[in-house]
Amino acid sequence: MSQQSPLASTLDMTKKPARVFSGIQPTGELHLGNYLGAVRTWRAQVEEGKDETMFCIVDAHAITVPYEAAELRAKIDAFAIDLIACGIDPEKTTLFVQSDVREHTELAWYLASVTPYGDLGRMTQFKDKGEGKEFVSAALFTYPVLMSADILLYKATVVPVGEDQVQHLELARETARRFNHRFGELFPEPKPRLSNTPRIMGLDGDSKMSKSKGNTISLFEPKEEFWNKLRTAFTDPQRLRKSDPGRPEICNIYTMHKAVSPKETQDEVVANCTGAKWGCVECKKVLFENFDKELVPLRTKREALSMDHVRQALGDGASKARRIAVETMKEVRSAMGLGSLST
Ligand code: ADP
Ligand code: TRP
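Summarised in this report is the structure supplied together with it. Since the model is a prediction, treat every value here as computed from it, not as a measurement.

Rules behind the numbers
- Residues numbered from 1 in each chain as written.
- Chains lettered and ligands numbered in written order.
- Predicted model: local features only at pLDDT ≥ 70, side-chain atom pairs only at ≥ 80, totals over all residues.
- Heavy atoms only, no water.
- Helix = DSSP H or I, 4+ residues; strand = E, 2+ residues; numbered from the N terminus.
- Rg over C-alpha atoms; globule rule 2.2 N^0.38 Å.
- Buried < 20%, exposed > 50% of the residue type's maximum accessible area, 1.4 Å probe, protein only.
- Contact = heavy atoms within 4.5 Å.
- Areas by Shrake-Rupley, 256 points an atom, 1.4 Å probe, with all protein chains shown as cover.
- Phe/Tyr/Trp six-rings, centres within 6.5 Å; stacked < 30°, edge-to-face > 60°.
- Core = buried A, V, L, I, M, F, W, Y, C linked by side-chain atoms within 4.5 Å.
- Domains from an automatic or database assignment.
- Near = heavy atom within 4 Å.
- Polar contact = N/O pair within 3.5 Å; in protein donor to acceptor, adjacent residues only side chain to side chain.
- Nonpolar A, V, L, I, M, F, W, Y, C, P; charged D, E, K, R; others polar.
- Axes fitted to C-alpha atoms, helices over the stretch in contact; angles between N-to-C directions.
- Parallel < 35°, antiparallel > 145°, perpendicular 65-115°, else oblique.
- Left-handed = near helix turned anticlockwise from the far one by under 90°.

As a further point, take the overall build of the protein. Assigned secondary structure in the protein consists of 13 helices and five strands. By the compact-globule yardstick of 20 Å for 343 residues, the protein fits well, its C-alpha radius of gyration being 21 Å. The buried share of the protein, taken over its 343 residues, is 52%. Long-range contacts, defined here as pairs at least 24 residues apart, represent 78% of the contacts in the protein between residues at least 6 apart. Total accessible area on the protein is roughly 16,500 Å²; 53% of this is exposed by carbon and sulfur atoms.

To continue, consider the environment of Asp59. Looking at the secondary structure, you find Asp59 in helix 2 (residues 59–62). Overall, Asp59 belongs to the buried group, its relative accessible area being 7%. For the pair Asp59 and Gln25, spaced 34 residues apart in sequence, the C-alpha to C-alpha distance is 6.0 Å. Ignoring anything within four residues of it in the chain, the contact list for Asp59 reads Pro26, Leu72, Ile76, Val97, Gln98 and Ser99.

Enumeration according to the criterion identifies eleven aromatic pairs in this entry. Measuring from centroid to centroid gives 5.5 Å for Phe21 and Tyr154, while their planes differ by 10 degrees, and the two rings are stacked. One end of the pair, Phe21, is in strand 1 (residues 19–24); the other, Tyr154, is in the loop between helix 7 (138–152) and strand 4 (158–160), and 133 residues separate them in sequence. Aromatic side chains Trp227 and Phe288 sit 5.5 Å apart centroid to centroid with 55 degrees between the ring planes, which places their arrangement in the tilted category. Taken together, the residues Trp227 in helix 9 (residues 223–232) and Phe288 in helix 12 (residues 280–304) connect sequence positions 61 residues apart. Taken together, the aromatic side chains of Phe226, Trp227, Phe288 and Phe291 make up a single cluster linked through ring pairs.

Of all hydrophobic cores here, the largest spans 54 residues; its most connected members are Leu219, Leu230, Met256 and Phe291. A per-element tally of this core places helix 3 (residues 69–85) first, with eight residues. Summarising the domain contributions, this core has at least three residues from each of domain 1 (8–200 + 306–336) and domain 2 (221–302). With residues up to four places along the chain from it excluded, the contact list for Met256 reads Leu32, Leu36, Ile200, Leu230, Ser261, Leu287 and Phe291.

We now examine the site of ligand 2. Every one of the 14 residues lining ligand 2 counts as a neighbour, but Gln25, Tyr143, Met147, Asp150 and Gln165 are closest to it. Residue Gln165 places a side-chain N or O atom 3.1 Å away from a nitrogen atom belonging to ligand 2. In isolation ligand 2 offers 360 Å² of accessible surface; the protein chains occlude 91% of this area. Among the secondary structure elements, those contributing two or more residues to the shell around ligand 2 are strand 1 and helix 7. Among the elements that line the shell around ligand 2, the one with the most residues is helix 7, at four residues. Tallied by class, the residues present in the shell around ligand 2 amount to seven nonpolar, six polar and one charged.

Around ligand 1, 18 residues are found, and the nearest of them are His31, Asp164, Ile200, Lys208 and Lys211. For ligand 1, a nitrogen atom lies 2.8 Å from a polar atom in the backbone of Ile200. Across the complex, the protein chains shield 96% of the 530 Å² of accessible surface that ligand 1 would expose by itself. Among the elements that line the shell around ligand 1, the one with the most residues is helix 1 (residues 32–48), at four residues. Of the residues contributing to the shell around ligand 1, the split by class is six nonpolar, eight polar and four charged.

Another point: the packing of helix 1 against helix 10 (residues 252–260). In contact at an axis separation of 12 Å, helix 1 and helix 10 are set at 40 degrees when each is read in the N-to-C sense. Considering the angle they form, helix 1 stands oblique to helix 10. The hand of the helix 1/helix 10 crossing is left-handed. Every residue of helix 10 that contacts helix 1 at Leu32, Leu36 and Arg40 is listed here: Met256, Ala259 and Val260. Within the contact of helix 1 with helix 10, the residues separate by chemical class into five nonpolar, no polar and one charged.

Now the structure itself:
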């Protein structure tokens, strides 16, 4: 079994350990795009154990669009369980909830003062999520400033995300630069780290798989529903009949094979698709089996987790994160000339 490592091959063994930070919104359900684009890379970094890693359930980001309070609370727990089941082991990493560390929102306000208004208006996620909506909150607009704060608060240098977040990361880098230029060198510039499947398309084929688009397969979907959804997923639109040769390089199913199937299977997919030997359903069945192999251990782990254990882990994670956050904020306040107290 020669599955490719989800870690990009940019690791430089000579450098000092990096601090790795990433976040996920507790909305909808953890889906294949989140897993293949981000969470699997997180796990690889945790397991590699070379760098210090921090992963955050970003609940303060989730309130930028209309939501129900009771539902958000339940989703925070659900995401914590799912992430731990995916191998984000709180014994080996810092897993915590954003609003448990108040310094995130404090730093966001301060960083807003060095972020140009015009840059925020150019963010594609703001345009996507705001377009045509009756109510667009100011928080949706300033969302990327909070994301910069999440990262810079811990002076993180590596941020494993899917491709859709690269623009936000570019802004975070510029924010670090602007802050340092104005107030003195304090923040390193964070770089994105992409998996080898940084953009999984949604089932409809129209846009990326996203919780807000209703075009997802949840990672922990019951097997039968998982298959029913995968079976209907779009493929190469030029392939109307089995006898039409397909183009794996533009097919989302092949992209997912590249993430979960062994190299021999990937080669078989290319040969049988371009040679019009397999129909798309046959190809999807093989993918489904390989997903199943990947997901069985995760499902088993998820069933064994207790909420008490998870809450304890989140509490410990928040304490660890807070210790770093408090120190950074002392430096930030002092550099910016804020406050009247010495602590
Ligand atoms: P969503 O877009 O579904 O709301 P989030 O915004 O919480 O998900 O994203 C969490 C992480 O998953 C981010 O790093 C994001 O880039 C990644 N991600 C989300 N959707 C995809 C996708 N379709 N393909 C690859 N990565 C994705
Ligand atoms: N904006 C990210 C998303 O929608 C989530 C996020 C918030 C994040 N803060 C972060 C990701 C810090 C990486 C680092 O997916």
